Every structure is written in structure tokens, then in C-alpha cells.
Amino acid sequence: MAGKPNSQNALSFLLKLLRRPENLPSKLWKTSNAHASQLKYQKYTSFAHRAEELSNQTLIFHSEATLLKSSSLFPYFMLVAIEAGGLLRALIFLLLYPFVCLFGEELGLKIQIFLCFFGLKKESFRIGASVLPKLFLQDVGVEGFDGVMICGRKVAVSDLPRIMVEGFLKDYLGVDIVVGRELKVVCGYYVGLVEEKKSHGIVLDEILGEDMKTSSAAIGICSYKKFLDHHLLAHCKEVYLVSKAEKRTWHILPREKYPKALIFHDGRLAFRPTLLDMLAMFMWIPLGIFLFLIRITSGIYLPHSMSSPILAFSGTITTISRPNSSIIASTKNEKRPKGIVYVCNHRTLLDPLYVQLAIDKPLSTVTYSISKFTELVAPIRTFHLTRDREKDGMAMKKLLSHGDLVVCPEGTTCREPYLLRFSPLFAELADDIVPVAIDVQVSMFYGTTASGFKSLDPAFHLLNPYPAYSINILDKLPGSHTCKFGGVSKFEVANHVQHEIAKALGFECTNLTRKNKYMILAGNEGIIQRL
């Protein structure tokens, strides 16, 4: 959801930064004075009337120093290590990190890049666009964000590899140019080394060319520690410095102020991978695997009456709301020409199982993204959709003639509080439609993926210490809102069900589809090979 920066907050932020850098090391202060003809430090009070002028200014800023509240880069490199390199690489990086810190900032940064990127395939590296933006957005300070967004053209300079920050800065903050470290590639693979670093200013000369020469000088924002390099000052008539003390008072940017809604993101980790949290995760995994085996075994082989207390004792949390339980109960033994269709939003592959648990009677389900192994062991009758509308429609009719059916018309999972567009196929086939609102809460691992092994989705969900499922069975659709009895179109039925579920969950409806999700996160149309 796009948010507009508050002009007064932005001005206050920049006014606080506007001062003579008294604590700046003498070497850096001399560098500033060397450009006295271009560089100017204005008085505090002279900035309050310049909002209109700033909107047309070019801003050159250090992205980590200006936007991020935290000063540690460890979580971002750890996310690359574990999501792109796997658990073993992440463990090695975790164990070596304390020693890496002994080598100083610049050399330590290069060692982190080597540990995290060595051997990764360039073509398949999508972490910068699919995983890292969420982590960056969760650390953006409101004050820094407003200060950046109030300006016109934006140029970001980063100490991180460009492929890590470019997706976040361009896609979510509208930054025009990103200048970061470039990584060496040999035979299509990263070798973990950084290309010879040009001066940021020289790079900007090449990128901006005559535009900067013909326009007014830019404004610069950085920190005392991350002072913009010598040549870059030639582009700046003013430089504002952010101190650590000021950043401690910053507030994290709320979701409603994101310039672009964060709807899709990938990766398995559901927490910020700080040093201590990653240590806790690796300590949890052996116990988590033991609990997973108990949970999955009892869920598959035991009846609901026996598996439910075992699952609850092992830490799983299931909340079921049946406002119309009497209506549902009355249909259990009732003979019908067609079964009931339970229409739910899609959070994980386990959704149909939890709906079956809530209804407390056998159901069938249809799905796009399920492996042959998962279909084989699932304690629910499952049909794999082929994307052929006629074939899928006939298969669903056949399933409905034998009993009730649960469908997830979004066609794919969505982690954030949004609902994707509902496919109207279910509306053509069913006379009785019951919406079901589902929400899932996890603290360690996401039980969904767009680019990983989907057969492991249930395992990752059940590896969480306290995986929580909330099932809310809503009112059955009245006949006036169905195609057969109400004469409404299948699209109207699908949209109505989508809005009812969104209202129950407090989510937002979108027109995005499965194809949109997979193109953003995986670079394909979401056609999954069944393993």
C-alpha cells in the first residue's frame, strides 16, 4: 500500500542533520573543506522554507546509513547464505562471523561477500528481488525514508553488492540509480570476489553524464562513519550527516507507508536472522525434526480424535470458529445430488487438511502445486489440476457427485494480508458454497516457497515451535448469490466470496494471480514439475 511521506517530518529529519560536523574525524573534515566552493552547510533555520525546492533536487545518499535503523549487515548476508547457499553454508558463515569481525570493516565485508556468494550461479540468483526487500523494508526508519522521498531524482550508493540492494531500492523506493559493488563472475558463477572498485563519484560521472553538469548540484546524505568519498562531493552543494544517536530514536516504517505494497516474497526464514536468532535456530532444528516426525505421523495415520490432542501437546495451535456449526452438522448425513464446496483462501498446502479437521468429515480437494509424494501420503483425497478448464471442470463435478469438496481458488499461496484473484471455476459447478477464512502464524520457517522444493512445504511448517492455524467457517452463500439460483455471473460469485473472506480476515483484495506471483519471485509462470 503506497504511503505519502510527511513533508514536515522529512524537513525535521533533514534539519536535525543540517549542522557543522563537529565530531567528524579531521581527515574527513579536511576533505569537505577541499570542496568549499561547491559544498555549503546552511543554517538550521534556513531549511524550513525549502520543501518546494527540494522536490526538484537530485539526492545522492548512502543507502544503509540514510535508510536503515540497524547498522549491522549480518542479517542480509546471512539471508543470502541460507536462502541461496543452504543450511551448511549458513552454519559455516555463522561460526566464522566472530572471526570476520576482527579483520576490520572493509576487509571483513569482502570476506562476508566471499563466504556468501562463492559458487552461486548468477542466472538463478533472485534473492535480491524476491527475499531481501522484505528484510530491508522491516528496518527502514520513517525519518530516513521521509528525508529521501521528499527529493526528486534519487541516486543510492551502497557498500553491499548491487545485486543485493537494487531490487529493494528501485522496486520499492523508486530510486533512479543504484551504485554498489560489482561481483566477479567466472563461467556463470560468482567467485566471491569484488570487481576493482571505482570511485563512486567517477561511476556517477559515467552514469549521469551531462545531466549533472547542466543541472544544479545535488544534495548528499550519509553518516559520519560512511562519509561520501572525495570525488562524490563534487556533485554535492550540501551534505547532511546522520549520527548513530539520531538513528536510535528513529521509528520503523509502518506497512501502510510503503510506496509499493509488499505482497509477494520468497524464502524460508520467517524471522530477522540476527546472530543470536540464527544460533537459536540451529539449536532448535534437532528438536524441531523430532517434533515434525511426531506431528506428521499422528496427522497421517491417526484419526482426528486421537491426532488432535497429540498435535496440541506437541505445540501446534489450531483455532476453529464454527458460527454455523448446526447447519454444517445437519448436512453431514444428508443425501445431496451434489456436495458442498468449501472455498478458502490459500496460506499453505495444509489448508485442505485443516478444513477437513474443522468440518470433521471426509473431504476431497483439488490443487495445482502438489508433489506426487505429498499426494500419496496426504490423508485427504486429492486431484491434481491440469490447467485444462474442461478437464478440470469434469474432474471437480465427479468429485462433487461423491461428496464435499474444498478448493483454494487463488491457485497459489500468499503470505501477506492480501487475497489474490479468485478463479470462478468453482462457482459454475456448485449449488452450495461455504466460504472459509484461513490465517497462519509462524515464528521460524515459512511453509511455502515459489522457487524451492514444494514437497518440503509441510515439513517446514511443522518444524516451527508453535505453528498456528486459524479456521473460520463463514455463512453459506444464500441462493441469491449463486449462479444457479440467483442468476449472477460466476465472476460475481467469485468476487463476492473473495470479499467475504477478506472482510473476515481483515485482508485486502487484489487482482493479482498465480502467474504474477511466480513471474516476480521465480521468473516463470508457476508451472511446477511434479516429483
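Residues numbered from 1 in each chain as written. Predicted model: local features only at pLDDT ≥ 70, side-chain atom pairs only at ≥ 80, totals over all residues. Heavy atoms only, no water.

Draft legend 1. Structural detail: the packing of helix α5 (residues 74–85) against helix α6 (residues 87–100). Relative orientation of the contacting elements α5 and α6 amounts to 150 degrees, with a least axis distance of 6 Å. Taken together, the axes of α5 and α6 lie roughly antiparallel to each other. On α6, the residues touching F74, F77, M78, A81, I82 and G85 of α5 are L87, R89, A90, F93, L94 and Y97. The residue makeup of the contact of α5 with α6, split by class, is 10 nonpolar, one polar and one charged. (Axes fitted to C-alpha atoms, helices over the stretch in contact; angles between N-to-C directions. Helix = DSSP H or I, 4+ residues; strand = E, 2+ residues; numbered from the N terminus. Parallel < 35°, antiparallel > 145°, perpendicular 65-115°, else oblique. Contact = heavy atoms within 4.5 Å. Nonpolar A, V, L, I, M, F, W, Y, C, P; charged D, E, K, R; others polar.)

Draft legend 2. Quick peek at the packing of aromatic side chains. Here the structure, examined in full by the defined rule, presents 11 aromatic pairs. Considering the side-chain rings of F117 and Y190, the 5.8 Å spacing of their centres and the 85 degrees angle between planes classify their relative orientation as edge-to-face. You can see F117 sitting in helix α7 (residues 105–117) and its partner Y190 sitting in strand β5 (residues 189–194), a full 73 residues away along the chain. Pairing F136 with F168 gives two aromatic rings, centres 4.9 Å apart and planes at 20 degrees, and the pair type is stacked. Here F136 is found in helix α9 (residues 132–137), whereas its partner F168 is found in helix α11 (residues 162–173), with 32 residues between them in sequence. There is no split in this pair, since F136 and F168 are both buried. Members of the aromatic cluster, joined through ring pairs, are F74, F93 and Y97. The cationic tip of K260 hangs over the ring face of Y172; the distance from NZ or CZ to the ring centre is 5.1 Å. Directly above the aromatic system of Y446 lies the positively charged group of R415, at a separation of 4.0 Å from the ring centroid. (Phe/Tyr/Trp six-rings, centres within 6.5 Å; stacked < 30°, edge-to-face > 60°. Buried < 20%, exposed > 50% of the residue type's maximum accessible area, 1.4 Å probe, protein only. Lys NZ or Arg CZ within 6 Å of the ring centre and 35° of its normal.)

Draft legend 3. Molecular detail of the sheet that holds strand β14 (residues 433–441). With respect to topology, seven strands assemble into an open sheet ordered β8-β15-β14-β9-β12-β10-β11, the strand pairing being mixed. At either margin of the open sheet sits one strand with a lone partner, and together these are β8 (317–321) and β11 (381–384). On average, each strand axis in the sheet is inclined to that of its neighbour by 25 degrees, with strand direction left out of account. For strand β10 (residues 364–367) and β11, the ladder comprises four bridges, and the chain directions are parallel. Note that in β11 the partner of T365 across the bridge is T382. Those strands touched by helix α20 (residues 389–402) are β9 (341–344), β10, β11 and β12 (405–407), and its axis lies near 165 degrees from that of β11. (Pairing = 2+ DSSP bridges.)

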